[in-house]
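Tertiary structure, described
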Amino acid sequence: MAEITLRVGDQKVAINCAPHEQRRLGDLAALLESRLAVFAGEPEATRKLVLTALALMDEAQSAGAALARARAEIDRLNDLGCGDAEDAPVRPLASLPEGLA
């Protein structure tokens, strides 16, 4: 187990993690720091953190909803038979369509 010390705002936070997670945690801390900067005018650190967490949770839920819609569309297309392109025979064109020659 490794330990990494992250700086977020004016706080240092020590976190135990696997060695391969150190870089990712550092990147996430930097992203969090940039998000906190958006609320720099807020006097309370807790309020800034709550606003940032709410914004991140909103983005995560929006991304999850978009992923669910994309999966549903893939399923719909597969149900229509659009997903069987590998099984369809490949037929050579006798000639190129007009305008592509």
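Residues numbered from 1 in each chain as written. Predicted model: local features only at pLDDT ≥ 70, side-chain atom pairs only at ≥ 80, totals over all residues. Heavy atoms only, no water.

Here we come to the pairing of strand E1 (residues 2-8). Here E1 shows a buried face lined by Ala2, Ile4, Leu6 and Val8 and an unburied face lined by Glu3, Thr5 and Arg7. Examined bridge by bridge, E1 and strand E2 (residues 11-17) share seven bridges and lie antiparallel to one another. By the bridge assignment for E2, Ala2 is matched with Cys17. (Buried < 20%, exposed > 50% of the residue type's maximum accessible area, 1.4 Å probe, protein only. Helix = DSSP H or I, 4+ residues; strand = E, 2+ residues; numbered from the N terminus. Pairing = 2+ DSSP bridges.)

Reading predicted coordinates in detail is not appropriate for stretches of low pLDDT. Across the protein, the average pLDDT comes to 82, with 80% of residues at 70 or higher. Mean pLDDT per element in the protein: helix H1 (residues 22-37) is the minimum at 88, and E1 is the maximum at 90. (pLDDT = per-residue confidence, 0-100.)

Before going further, it helps to spend a moment on the packing of H1 against helix H2 (residues 45-79). In a packed pair of helices, the relevant descriptors are the angle between the two axes and the axis-to-axis distance. H2 packs onto H1 with a crossing angle of 115° between their chain directions and a minimal axis gap of 9 Å. The orientation of H1 relative to H2 falls into the category roughly perpendicular. Pair H1 / H2 crosses with right-handed handedness. Across from Leu32, Arg35 and Leu36 in H1, the residues of H2 making contact are Lys48, Leu49, Thr52, Leu56 and Glu59. For the contact of H1 with H2, the per-class residue count stands at four nonpolar, one polar and three charged. (Axes fitted to C-alpha atoms, helices over the stretch in contact; angles between N-to-C directions. Parallel < 35°, antiparallel > 145°, perpendicular 65-115°, else oblique. Left-handed = near helix turned anticlockwise from the far one by under 90°. Contact = heavy atoms within 4.5 Å. Nonpolar A, V, L, I, M, F, W, Y, C, P; charged D, E, K, R; others polar.)

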